[in-house]
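# Reading the structure
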Amino acid sequence: MCADLSRTPRTLLVCDRSSFLDHKNRVSSQVEQLHFIYKVSVLLPECNSASSSLDSVFNSFTSFYLIRKLPIYELLDKDFLQSAVYQGSVHGLSFRTRIDEDNCVALMPNGRLTLSLDKDSFELLGFEGKPSRFNHRSCSRFEVSVDLTDSSMAPGGRGYLRLLTGLKSHLQLQTDFLLSHHPGGGASLQALLSRYDWSEHKPKVSRRCLSNLVCPAPRSCDPHSLLEWLGAVDADVRCENSSSSFLSSFVCPEANTTLGHALSVSVSGLLLPHDVQRLIQELSSLSWSPGCP
């Protein structure tokens, strides 16, 4: 998950412990800062199945679209700007591109278009940018970031025409592109979709029933260890290992207890913060109901 591509922390973990009952908890505000969410996992202790209302939330995450070989200058199309970018939150990301090697493109819900380019592509584009944080020893990558909602980037303006010319005539960058929109959905994107080969995708929901799960005590476990344990459970890594194990020496942090059963549910895809917020609201209402964990 990434809040801002130009300010991506490399090794920073911030943990905030609070309760859903605390109206000042920061969960919702933190989720709103995450423009791109690939996966959300939920672990329900002492449960064999989710409630019908929780299942409904899992199964109703917004669909997203994969557009094949999309010319990036299409993101500057006047009709697309009017129907999608100016009217709601657009989430767009180049598909199967590597941020440290390939040319990558992201369209943020706040209307900011960010290009991460190699040196040759940056020079060919001919637009202002700055060195990328993904440079190592040499300055071989650059980042171009523009606010498409700013008056300087209004269709027909000097900045708009310069970027459009660079993308359309000079760089001619195209890529497979993931795209989603809230609240308009596919209707807001239809004009763009109609011009290219595309497919619609629903976020994938996976469920696993777990038995005899060794679980740490959250209040006595440090945040890093708890996060590592949750990741191990989500990845289906066994925690009953010895220090001499060739495959894994990871064990559940102490103090711990054993749960008779638990349910692990994950949703993956191009997820919208709006849908994650609905999931959090549903979990907060269930967590404090009689008979629920």
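Structural notes, computed from the coordinates. In this text, all values refer to a predicted model and were calculated from it rather than measured experimentally.

Read from one edge to the other, the open sheet built from three strands follows the order β1-β11-β10, with strand pairing classed as antiparallel. The outermost strands of the open sheet, each flanked by one partner alone, are β1 (37-45) and β10 (204-216). Adjacent strand axes in the sheet meet at a mean angle of 25° when their direction is disregarded. Bridge analysis of β1 against strand β11 (residues 256-271) gives eight bridges, and the strand direction is antiparallel. When the bridges of β11 are listed, K39 appears paired with S268. Here helix α7 (residues 223-234) sits on the sheet and contacts β1, β10 and β11; the angle it forms with β10, its principal contact strand, is near 125°.

Now for the sheet that holds strand β4 (residues 104-107). What the eight strands build is an open sheet, ordered β6-β7-β5-β4-β3-β8-β2-β9; its pairing is antiparallel. In the strand order of this sheet, the two ends are held by β6 (130-131) and β9 (198-201), each with one partner. Contacting β2 (64-71), β8 (174-182) and β9, helix α6 (residues 186-193) runs over the sheet at an angle of about 25° to β2.

The subject of this paragraph is the packing of aromatic side chains. Under the definition given, this model contains two aromatic pairs. A centroid spacing of 5.7 Å and a plane angle of 65° characterise the contact between Y65 and W198, whose relative ring orientation is edge-to-face. Residue Y65 is found in strand β2, and its partner W198 is found in strand β9; the two are separated by 133 residues along the sequence. Relative to F142, the ring of F122 has its centre 4.5 Å away and its plane inclined at 5°; by these criteria the two rings are stacked. In this pair, F122 sits in helix α4 (residues 119-125) while F142 sits in strand β7 (residues 141-147), placing the two residues 20 residues apart along the sequence.

Turning next to the pairing of β2. Sheet faces and side chains relate simply in a regular strand, where the side chains alternate between the two faces. Burial analysis of β2 places six of its eight residues in the buried class, the great majority of the element. Pairing of β2 with β9, which is carried by four bridges, proceeds in the antiparallel orientation. Paired with F64 across the bridge in β9 is H201. Direction of pairing for β2 relative to β8: antiparallel, over a ladder of five bridges.

Quick look at unusual backbone geometry now. Positive phi, normally seen in glycine, also occurs at E46, with a value near 55°. Position of E46 among the secondary structure elements: in the loop between β1 and α2 (52-58). According to the relative accessible area criterion, E46 is partly exposed, its value standing at 43%. Positive phi, normally seen in glycine, also occurs at D236, with a value near 60°. Its location among the elements puts D236 in the loop between α7 and β11.

Listed as buried for helix α3 (residues 78-85) are F80, L81, A84 and V85. Projected onto a plane normal to the axis of α3, the buried residues spread over an arc of 100° and lie on a single side. Buried residues along α3 sit against β3 (89-94), β4, α5 (158-171), β8 and α6. For α3, the N-terminal capping position is held by D77, with its side-chain oxygen 3.1 Å away from the main-chain nitrogen of D79.

Calculation notes
Residues numbered from 1 in each chain as written. Predicted model: local features only at pLDDT ≥ 70, side-chain atom pairs only at ≥ 80, totals over all residues. Heavy atoms only, no water. Pairing = 2+ DSSP bridges. Helix = DSSP H or I, 4+ residues; strand = E, 2+ residues; numbered from the N terminus. Axes fitted to C-alpha atoms, helices over the stretch in contact; angles between N-to-C directions. Contact = heavy atoms within 4.5 Å. Phe/Tyr/Trp six-rings, centres within 6.5 Å; stacked < 30°, edge-to-face > 60°. Buried < 20%, exposed > 50% of the residue type's maximum accessible area, 1.4 Å probe, protein only. Arc of directions from axis to C-beta. Polar contact = N/O pair within 3.5 Å; in protein donor to acceptor, adjacent residues only side chain to side chain.

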